[in-house]
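Structure at a glance
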Amino acid sequence: MKVARFHAPGDIRLEEVPEPVARPGEVKIRVRNCSTCGTDVKIYRFGHHHIRPPRVMGHEIAGEIVEIGEGVTGWSPGDRVQVIAAIPCGQCEECRRGHLTVCPDQESMGYHYDGGFAQYMVVPAKVLAVDGLNRIPDGVGFAEASLAEPLACVLNGQELARVGEGDDVVVVGSGPIGCLHVRLARSRGAARVFLADLNAERLAMAADLVRPDAAICSGETDLVDEVLKLTGGRGADVVITAAASGAAQQQALQMAARQGRISFFGGLPKDDPIIACDSNLVHYRELTIVGANGSSPAHNARALRLIAEGAVPVSDLITHRLGLDEVMDAIDVVARGAAIKVTIEP
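Within an unreviewed UniProt entry, the label attached to the protein reads Zinc-dependent dehydrogenase, and the organism entered is Microbispora hainanensis. The heading Sequence similarities (unreviewed entry) in the UniProt record of the protein holds the text "Belongs to the zinc-containing alcohol dehydrogenase family."

Attention shifts here to helix 12 (residues 327-336). Taken residue by residue, helix 12 has V327, A330, I331 and V333 as its buried positions. The arc enclosing the buried residues of helix 12, seen along the axis, measures out at 160°, which places them on a common side. The first or second residue beyond helix 12 is G337, which carries a positive phi of 70°.

Paired through backbone hydrogen bonds, the strands of a sheet run either parallel or antiparallel to each other. Within the open sheet, the 6 strands sit side by side as 13-12-11-14-15-16. Their pairing is parallel. Either end of the sheet is taken by a strand with one partner, and the two such strands are strand 13 (214-217) and strand 16 (288-291). Between one strand axis and the next, the sheet turns by 20° as a mean value, whatever way the strands run. The pairing of strand 14 (residues 236-241) with strand 15 (residues 256-264) spans 4 bridges and is classified as parallel. Bridge pairing in strand 15 links V239 to I262. Contacts from helix 8 (residues 223-230) reach strand 11 (168-172), strand 12 (192-197), strand 13 and strand 14, with the element oriented near 160° to strand 13. Running at roughly 160° to strand 15, helix 9 (residues 246-255) makes contact with strand 11, strand 14, strand 15 and strand 16 of the sheet.

With that settled, the discussion passes to the UniProt feature "domain: Enoyl reductase (ER)" (unreviewed entry) in the protein. Feature annotation in UniProt places "domain: Enoyl reductase (ER)" (unreviewed entry) on residues 7-344, given in this structure's numbering. Secondary structure within residues 7-344 divides into 32% helix and 25% strand; the distance between the first and last C-alpha atoms comes to 19 Å.

Core analysis: the biggest nonpolar cluster contains 44 residues, and L151, V169, V171, L180, V193, L195 and V312 have the highest contact counts within it. At the level of elements, helix 4 (142-146), helix 5 (148-160), strand 11, helix 6 (176-187), strand 12, helix 7 (200-210), strand 14 and helix 11 (297-309) are the ones that each hand at least two residues to this core. Of all the elements, helix 5 adds the most residues to this core, at 6 residues. Counting 42 residues, the second largest nonpolar core, distinct from the first, contains C34, W75, L324 and V333.

Moving on, we come to the packing of helix 8 against helix 9. At a closest axis distance of 9 Å, the pairing of helix 8 and helix 9 adopts a crossing angle of 30°. Between helix 8 and helix 9, the angle is such that the two are roughly parallel. Like other packed secondary-structure pairs, helix 8 and helix 9 cross with a definite hand, here right-handed. From helix 8, L223, V224 and V227 reach across to helix 9, where they touch Q251, Q254 and M255. Partitioning the contact of helix 8 with helix 9 into residue classes produces 4 nonpolar, 2 polar and no charged.

Each α-helix winds once per 3.6 residues, and so residues spaced three or four apart point in a common direction. Every buried residue of helix 9 is listed here: A248, Q249, A252, L253 and M255. Against the buried residues of helix 9 lie strand 11, helix 8, strand 14, strand 15, helix 10 (279-285) and strand 16. Sitting at the amino-terminal end of helix 9 is S245, which places a side-chain oxygen 3.4 Å from the backbone nitrogen of A247.

A few words now on the pairing of strand 6 (residues 80-83). Summarising the sheet, strand 5 (residues 60-68) and strand 6 pair through 4 bridges and their orientation is antiparallel. Residue pairing across strands places I61 opposite V83, the latter belonging to strand 6.

Taken together, the 3 strands give an open sheet; going across it, the order is 2-1-4, and neighbouring strands pair in antiparallel fashion. The open sheet has two edge strands, strand 2 (11-16) and strand 4 (55-56), and neither has a second partner. As paired elements, strand 1 (residues 2-8) and strand 4 share 2 bridges and run antiparallel to each other. Paired with R5 across the two strands is V56, which belongs to strand 4.

Attention now goes to the packing of helix 5 against helix 11. Taken N-terminus to C-terminus, the directions of helix 5 and helix 11 make an angle of 105°; their axes are 8 Å apart at the nearest point. The angle between helix 5 and helix 11 places the two elements in the roughly perpendicular class. In this structure, helix 5 uses A148, E149, L151, A152, L155, N156 and E159 to contact helix 11, whose residues at the interface are H299, N300, R302, A303, L304, L306 and I307. Among the residues forming the contact of helix 5 with helix 11, the class breakdown is 8 nonpolar, 3 polar and 3 charged.

What counts, and at which threshold
- Residues numbered from 1 in each chain as written.
- Predicted model: local features only at pLDDT ≥ 70, side-chain atom pairs only at ≥ 80, totals over all residues.
- Heavy atoms only, no water.
- UniProt positions renumbered as here; feature names shortened; annotations may be inferred.
- Buried < 20%, exposed > 50% of the residue type's maximum accessible area, 1.4 Å probe, protein only.
- Helix = DSSP H or I, 4+ residues; strand = E, 2+ residues; numbered from the N terminus.
- Arc of directions from axis to C-beta.
- Pairing = 2+ DSSP bridges.
- Axes fitted to C-alpha atoms, helices over the stretch in contact; angles between N-to-C directions.
- Contact = heavy atoms within 4.5 Å.
- Core = buried A, V, L, I, M, F, W, Y, C linked by side-chain atoms within 4.5 Å.
- Parallel < 35°, antiparallel > 145°, perpendicular 65-115°, else oblique.
- Left-handed = near helix turned anticlockwise from the far one by under 90°.
- Nonpolar A, V, L, I, M, F, W, Y, C, P; charged D, E, K, R; others polar.
- Polar contact = N/O pair within 3.5 Å; in protein donor to acceptor, adjacent residues only side chain to side chain.

So this is what it looks like as structure tokens:
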């Protein structure tokens, strides 16, 4: 079968390898869609400390079961499934407390295990052990189902930031994650959702799809001033920084309303993770700052339901569909910001 394997930074190869076999506790799937994200670009450029090459990449996975390993029950060949990306151990103190997203022993598809840039792949027993294999609802296509994983991360972030009825929400970053944040905030009852980005062209492409109440190009105008104008000087109830930008995180403090919630959704570069925090803004305005780290298996299941119910449409966010032999083109398109969502169809 064909796979796209990471060998070293700047070195991803299309290769022919033997088809895997499902061992006890595993299932084998035919990958129908594996969508790409900015993390794939980072892995291509810099590698990752959890990846021991060669490794098949890809972690936004949907497909159909073709083989059942010994001891697996409740699944059959032909079942349409979505696979979690982040795999909690289910045994540690954090997992026992229900904090699965911050499991210190978490592993990941495409990092510790071969991922979905392949014609076939094995779903590890660890995934099944934590209910990380989800049945795709009727009416949801494989490509849409592959977006359940990023939507699950967005859902985790908005639950932590308590996005809800009547909120004014600012989303900084108009990539696929920012677009999902806009749509999920709307589905959770936000009154107004504003979308911001430094790149005017990328912002326009996203705004045409998700129709925020205002699109703010922070490369052309002062983002904080614009948000204060739009909110009558009050600021936003929730600010989500869906971009790897320390400047955006600092601005979030300035444009949050009293008792506002700030989600540092996008992580910062490892070599530059420190920002200036006006502690008095946090103190006197009673601000809440929360992180957001991936998703749990339950978030993935809920994300699939949101897609199936039409609460968060995702199909139109898929702007590019490419074959496995075009995986490098996909990574290039994502790196240039020339797409919203790119999916690989092996």
